[in-house]
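Coordinates in review
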Amino acid sequence: MGEIRVSTKSRTELVDITSQVQDAVRESGVLDGICHVYVPHTTAGITINENADPSVRQDILMELNKMVPFEDNYKHLEGNAAAHIKASIVGSSETILVEGGRLLLGTWQGIFFCEFDGARNRRVLTRIS
Ligand code: ZN
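First, a word on scope: everything that follows refers to the structure included in this document. All values reported here derive from a predicted model rather than from experimental measurement. (Residues numbered from 1 in each chain as written. Predicted model: local features only at pLDDT ≥ 70, side-chain atom pairs only at ≥ 80, totals over all residues. Heavy atoms only, no water.)

**Notes on the coordination of the zinc ion**
Where a metal carries four tetrahedral donors, each ideal angle is 109.5 degrees; where it carries six octahedral donors, the ideal angles are 90 or 180 degrees. Operational definition: Any N, O or S atom lying within 2.8 Å of the metal counts as a donor, with the limit raised to 3.2 Å for Na, K and Ca; because water is left out of the atom set, some sites can appear incomplete.
Distances from the zinc ion to its protein donors, His-76 (NE2), Glu-78 (OE), Asn-80 (OD1) and His-84 (NE2), fall at 1.9 to 2.2 Å. All donors of the zinc ion come from a single chain, and their spacing in sequence reads H-x1-E-x1-N-x3-H.

Shown next, in the form of structure tokens:
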């Protein structure tokens, strides 16, 4: 198992971790297989989307924040109900094929850690086999 540490700076933020995941693949020595990326947090997630234009991640966050307002008379008393809901919408893992020691991502695709209750220090777990 590999571990990537992410320090987020904002309450909600998408952090491009593609190069760190690629490093984990290289360190594993696996040439052809599968890479699992998993976030062990209830208020963060993982998604794959465009990393060429940074405005794409801003638009994703803007719309998620509209769909799930920070305040909405939630019953969860910790004050971060919106973050839990966004984490479930986005999901906590991704699986990427590995070929020739490289992640088989599309030209415009990147892997993003999704912070919904920052800023915090977070962990992303990987297993390549
Ligand atoms: Zn909570």
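**Some thoughts on the nonpolar core**
Let me state the cut-off plainly: Each nonpolar core is a collection of buried residues, namely Ala, Val, Leu, Ile, Met, Phe, Trp, Tyr and Cys, held together in the definition by side-chain atoms within 4.5 Å. Burial status follows relative accessibility: with a 1.4 Å probe on protein chains alone, a residue under 20% of its type maximum counts as buried, one over 50% as exposed, and anything between as partly exposed. Numbering of helices and strands runs from the N terminus; a helix is a DSSP stretch of H or I covering at least four residues, while a strand is a stretch of E covering at least two. By the convention used here, residues are in contact when the closest approach between their heavy atoms is within 4.5 Å.
Within the largest apolar cluster, 21 residues are counted, with the highest numbers of intra-cluster contacts made by Ile-17 and Val-124. Those elements that provide at least two residues to this core are strand S1 (2-7), helix H1 (18-28), strand S3 (33-38), strand S4 (44-50), strand S5 (93-99), strand S7 (109-115) and strand S8 (121-128). Once you skip the residues sitting within four places of it in the chain, Ile-17 turns out to touch Val-6, Val-37, Ile-46, Ile-111, Phe-113 and Val-124. Core analysis: the second largest hydrophobic core is formed by 8 residues, Leu-14, Leu-64, Phe-112 and Cys-114 among them.

**A closer look at the packing of helix H2 (residues 54-67) against helix H3 (residues 81-90)**
When two helices pack together, their arrangement is given by the angle between the helix axes and the distance between those axes. Filter applied, for reference: All axes are obtained by fitting lines to C-alpha atoms, using only the stretch in contact for helices, and the reported angles, taken between N-to-C directions, cover 0 to 180 degrees. When an angle is under 35 degrees it counts as roughly parallel; over 145 it counts as roughly antiparallel; between 65 and 115 it counts as roughly perpendicular; any other value is oblique. Each crossing gets its handedness from the near helix: less than a right angle anticlockwise from the far helix is left-handed, clockwise is right-handed. For this scheme, ten residues count as nonpolar: Ala, Val, Leu, Ile, Met, Phe, Trp, Tyr, Cys and Pro. Four count as charged, namely Asp, Glu, Lys and Arg, and the remainder, Gly too, count as polar.
Relative to each other, H2 and H3 sit at 125°, their axes nearing to 10 Å. With respect to H3, the axis of H2 lies oblique. Between H2 and H3 lies a crossing of right-handed hand. Taken together, the residues of H3 that come into contact with H2 (itself represented by Leu-64, Asn-65 and Met-67) are Lys-86, Ile-89 and Val-90. Residue composition of the contact of H2 with H3, grouped by class: 4 nonpolar, 1 polar and 1 charged.

**Remarks on H2**
For the record, the criterion: In a helix, the anticipated span is given by 1.5 Å times the number of residues less one. This arc is taken over the directions from the axis of the helix to the C-beta atoms.
Here H2 is 14 residues long and its end C-alpha atoms lie 21 Å apart, about the 20 Å a rise of 1.5 Å per residue gives. Three or more residues of H2 are buried, namely Arg-57, Leu-61 and Leu-64. Seen end-on, H2 carries its buried residues on one side only, within an arc spanning 65°. Away from its buried face, by an angle of more than 90 degrees, H2 presents the exposed residues Gln-58, Lys-66 and Met-67.

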